[in-house]
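Results of the structural survey
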Amino acid sequence: MKDFLEGLWSLERRIDDCRAGQAGRLCGKAVFTAEGAELVYREEGRLRFGDHEGPALQSYRYGFPTPARAAVHFSDGRSFHELDLSRGVWTCTHLCDPDRYEGRFLVPDADTLRVVWKVMGPRKEQRLDSTYRRAL
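Residues numbered from 1 in each chain as written. Predicted model: local features only at pLDDT ≥ 70, side-chain atom pairs only at ≥ 80, totals over all residues. Heavy atoms only, no water.

In this section: the packing of aromatic side chains. With the rule as written, the count across this model stands at 12 aromatic pairs. Here the aromatic rings of tyrosine 41 and tyrosine 132 are separated by 6.4 Å at their centres, their planes lie at 70°, and the arrangement is edge-to-face. You can see tyrosine 41 sitting in strand E3 (residues 38–49) and its partner tyrosine 132 sitting in strand E10 (residues 125–134), a full 91 residues away along the chain. For tyrosine 132, a relative accessible area of 7% puts it in the buried group. (Phe/Tyr/Trp six-rings, centres within 6.5 Å; stacked < 30°, edge-to-face > 60°. Helix = DSSP H or I, 4+ residues; strand = E, 2+ residues; numbered from the N terminus. Buried < 20%, exposed > 50% of the residue type's maximum accessible area, 1.4 Å probe, protein only.)

Dropping the structure here:
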């Protein structure tokens, strides 16, 4: 899986906030860079959401306890979720009290990754639908 992820990807994300009745979009890039046995994920893009327009940044660390499985961590070291793309689909849950994040990862082909997060909580009901395309 490390070989599949490593490199530069274009990123398009649609954000739907059902409670606020707003939709947004992020367009940018993501790069998975090898650092020893891990990959460091960095995304940057331009976010348009409601009246807001500005830069957006995110980063994670991917460790690989096995060749087929990643342990994804926030940049501060907290655990985020496990990931296994060997069957082309993966679902996971991340609890961030009081919110619940349900993720679905799909690999439709060798150069595309789609990630959909549904976020639910007392003040949240969102859907983040991201498509990554390998930059050639």
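Time to look at the pairing of strand E4 (residues 52–66). With 11 bridges connecting them, E3 and E4 associate as antiparallel partners. When the bridges of E4 are listed, leucine 39 appears paired with tyrosine 62. (Pairing = 2+ DSSP bridges.)

A few words now on the pattern of salt bridges. Note that side chains of opposite charge can pair when their charged atoms are close. Within this structure, the stated rule accounts for 14 salt bridges. Between arginine 14 and aspartate 16 there is a salt bridge; the shortest N-O distance is 3.0 Å. With a shortest N-O distance of 3.2 Å, glutamate 35 and arginine 61 are connected by a salt bridge. With glutamate 35 in strand E2 (residues 22–35) and arginine 61 in strand E4, the pair connects residues that are 26 residues apart, well separated along the chain. Overlapping salt bridges, with partners in common, bring together Glu35, Glu38 and Arg61 in one network. (Salt bridge = Lys/Arg side-chain N within 4 Å of Asp/Glu carboxyl O.)

Before going further, it helps to examine the sheet that holds strand E9 (residues 112–120). A sheet is described by the order of its strands in space; here 10 strands give the open sequence E6-E5-E4-E3-E2-E1-E10-E9-E8-E7, paired in antiparallel fashion. The sheet terminates laterally at strand E6 (79–84) and strand E7 (89–96), the two strands that pair on one side only. Within the sheet, the average angular offset between the axes of one strand and its neighbour, ignoring direction, is 20°. As paired strands, E7 and strand E8 (residues 99–109) are joined by 8 bridges and run antiparallel to one another. Bridge assignment links threonine 91 to a residue of E8, and that residue is arginine 104. (Axes fitted to C-alpha atoms, helices over the stretch in contact; angles between N-to-C directions.)

Attention now moves to unusual backbone geometry. For the peptide bond that leads from aspartate 97 to proline 98, omega is 10°, which places it in the cis range. Position of proline 98 relative to the elements: it lies in the loop between E7 and E8.

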